[in-house]
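# Observations on the three-dimensional arrangement
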Amino acid sequence: IAAPIELLRVAVGNAVSNAFRHTEPGTPVRFENRRIGDTVHFEVSDTGHGVEPETLDRLTERFWRNGIASGSGLGLAIAATIAERLGGAIDIANRTPHGLLVRLSFPIATP
C-alpha cells in the first residue's frame with residue numbers, strides 16, 4: 001500500500017477501537033486482512049448491537065453518534081477520510097444476527 005504507515009494505523013485503529021467500544025466485555029472482536037486482486041482489505045467485525053439500517057450511512061459523518069453512544073463521533077469519519085484520500089474506501093454493514101462489519105480497502109501500490 002502506498003501510504004504512510006501512520007495513516008493506516010489511525011484508520012484501522014479507529015475501526016478496531018470503535019468495535020471494542022460497542023461490544024460487551026469478553027465478547028469477540030475479529031480482525032482480518034487480505035489481498036484481493038490489486039486491493040488490500042482490513043475487516044473489523046464485532047458482536048455488538050449493530051445499528052438501524054437507515055443510520056449506516058451516517059456512521060462516517062463527523063460528530064454524529066448513534067443514540068447515547070460514547071466517544072466524539074470522529075473515529076469512523078477519520079477512517080473514511082483517510083481511506084478516501086489514499087484512493088480506497090470504507091464499507092460498513094450490519095452482521096447477522098447482530099454486530100457490525102467495517103471494511104477498509106486500499107489499492108496496492110504499482111511500481
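That block above? That's the structure.
Let us look at the structure shown here. (Residues numbered from 1 in each chain as written. Predicted model: local features only at pLDDT ≥ 70, side-chain atom pairs only at ≥ 80, totals over all residues. Heavy atoms only, no water.)

## Examining helix α1 (residues 5-21)
Stated formally: To qualify as a helix, a DSSP run of H or I must reach at least 4 residues; to qualify as a strand, a run of E must reach at least 2; elements of each kind are numbered from the N terminus. Any helix carries an expected span of 1.5 Å times its number of residues minus one. The contact rule is simple, with two residues in contact once any of their heavy atoms fall within 4.5 Å.
Taking 1.5 Å of rise per residue, the 17 residues of α1 would be expected to cover 24 Å, and the 24 Å separating its terminal C-alpha atoms lies within 8% of that figure. The inward-facing, buried residues of α1 contact β1 (30-36), β2 (39-45), α2 (75-85) and β4 (100-107).

## Comments concerning the environment of N18
Defined as follows: For every residue, the accessible area (1.4 Å probe, protein chains only) is compared with the maximum for its type, and the residue is labelled buried under 20%, exposed over 50%, or partly exposed between those bounds.
Note on placement: N18 falls in helix α1. Exposure remark for N18: the relative accessible area of 15% places this residue in the buried category. Each C-alpha atom of the pair N18 and D46 lies 9.2 Å from the other, and the pair is 28 residues apart in sequence.

## As for empty space enclosed by the protein
Put simply, the rule reads: Using a grid of 1 Å spacing that covers the protein atoms alone, one calls a set of points a cavity when a 1.4 Å probe fits there but cannot get out, and a pocket when the set is open and has protein on both sides within 12 Å along at least five of seven lines; lining residues are those with an atom within 4 Å of a point. Grid points are joined across faces, edges and corners, and a volume is the space filled by probe spheres set on the points. Think of it as three bins: nonpolar holds Ala, Val, Leu, Ile, Met, Phe, Trp, Tyr, Cys and Pro, charged holds Asp, Glu, Lys and Arg, and polar takes everything else, Gly as well.
Under the definition given, this model contains 1 cavity of 30 Å³ or more. In this structure, the largest cavity spans a volume of roughly 30 Å³. Lining the largest cavity are A15, N18, A19, V44, D46, L100, L101 and V102. Secondary-structure elements contributing two or more residues to the lining of the largest cavity are α1 and β4. When the residues that make up the lining of the largest cavity are grouped by side-chain class, the tally is 6 nonpolar, 1 polar and 1 charged.

## Section: the sheet that holds strand β3 (residues 89-94)
Rules: At least two bridges found by DSSP between two strands are what make those strands a pair. Interaxial angle, 0 to 180 degrees, is taken between N-to-C directions of lines fitted to C-alpha atoms, where a helix line uses only the stretch in contact.
The antiparallel open sheet is built from 4 strands, whose spatial order is β1-β2-β4-β3. The sheet terminates laterally at β1 and β3, the two strands that pair on one side only. Within this sheet the neighbouring strands show an average axis-to-axis angle of 15°, counted without direction. Packed on one face of the sheet, α1 meets β1, β2 and β4 and runs near 170° to β4. α2 rests against β3 and β4 of the sheet, and its axis sits at about 140° to β3.

## With respect to the nonpolar core
Here is the rule we go by: Put simply, buried Ala, Val, Leu, Ile, Met, Phe, Trp, Tyr and Cys residues joined by side-chain atoms within 4.5 Å make one nonpolar core.
Residues L59, I90, I92, L104 and F106 are the most contacted members of the largest nonpolar core, which totals 22 residues. Broken down by secondary-structure element, the contributors of at least two residues to this core are α1, β2, α2, β3 and β4. Those residues in contact with I92 that sit more than four places away from it in its chain are L56, L59, T60, L76, L100, L101 and V102.

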